[in-house]
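Now for the letters of each chain:
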Amino acid sequence: QVQLVESGGGSVQAGGSLRLSCAASGRTFSSFAMGWFRQAPGKEREIVAAIKWSGDLTYYSGSAKGRFSISRDNAKNTVYLQMNSLKPEDTAVYYCAADRFAIGPTHTIGEYDYWGQGTQVTVSS
């Protein structure tokens, strides 16, 4: 079993930055693809970014590309999401997730096996 705990959420003004962290338990973290998702009120959960187990391949949604950066430190069992130039439409609960079997940075929500509890990000205009 893998447990994921997100942190780093909060409130920020438009144009600001936040860095989310997701700490994972278990010794198999380094073999998992990891993803960040978000869910705004009344909307479906959507992919933000994903990263291969090795860290050398990434995927970004259209809204995240150029503003967000996903990275991981396998020695610390942690994945990060650096979010810059935040917009009010980025307001959502952000979740990290782990995919046990992915070869690459999968962006399909149904393929993820473990989920964190989420962290709220609120961007005001």
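Preceding this section is the structure that the text describes.
This report concerns the structure included in the present document.

Definitions and cut-offs
Residues numbered from 1 in each chain as written. Predicted model: local features only at pLDDT ≥ 70, side-chain atom pairs only at ≥ 80, totals over all residues. Heavy atoms only, no water. Pairing = 2+ DSSP bridges. Helix = DSSP H or I, 4+ residues; strand = E, 2+ residues; numbered from the N terminus. Axes fitted to C-alpha atoms, helices over the stretch in contact; angles between N-to-C directions. Core = buried A, V, L, I, M, F, W, Y, C linked by side-chain atoms within 4.5 Å. Buried < 20%, exposed > 50% of the residue type's maximum accessible area, 1.4 Å probe, protein only. Contact = heavy atoms within 4.5 Å. Disulfide = S-S within 2.5 Å.

What follows concerns the sheet that holds strand β3 (residues 18–24). Here we have 4 strands laid out as an open sheet, ordered β1-β3-β8-β7, and antiparallel in their pairing. Each edge of the sheet is formed by a strand with only one pairing partner; in this case those strands are β1 (4–7) and β7 (68–73). Neighbouring strand axes in the sheet, compared pairwise and without regard to direction, differ in orientation by 15 degrees on average.

The next subject is the nonpolar core. Judged by nonpolar contacts, the single largest core of 30 residues is most densely connected at Leu4, Met34, Trp36, Leu81, Met83 and Tyr94. Elements with a minimum of two residues in this core: β3, β4 (33–39), β5 (46–51), β7, β8 (78–83), β9 (92–99) and β11 (119–124). Filtering out sequence-adjacent residues up to four positions away, Leu81 remains in contact with Leu18, Arg19, Leu20, Trp36, Val48, Ala49, Phe68, Ser69, Ile70 and Tyr94. Counting residues in hydrophobic clusters, the runner-up holds 5 residues, among them Phe37, Ile47, Ala97 and Tyr112.

A few words now on the environment of Gln117. With respect to the helices, strands and loops of the structure, Gln117 is situated in the loop between β10 (114–115) and β11. C-alpha separation for the pair Gln117 and Tyr95, spaced 22 residues apart in sequence, amounts to 6.7 Å. Beyond its immediate stretch of four places on either side in the chain, Gln117 contacts Leu4, Val5, Glu6 and Tyr95.

A word on the state of the cysteines. The tally for this structure, following the rule as stated, stands at 1 disulfide. For Cys22, the disulfide goes to Cys96, at an S-S distance of 1.9 Å. As the torsion about the S-S bond is roughly 45 degrees, the Cys22-Cys96 disulfide counts as right-handed. Of the two residues, Cys22 sits in strand β3 while Cys96 sits in strand β9, which places them 74 residues apart along the sequence.

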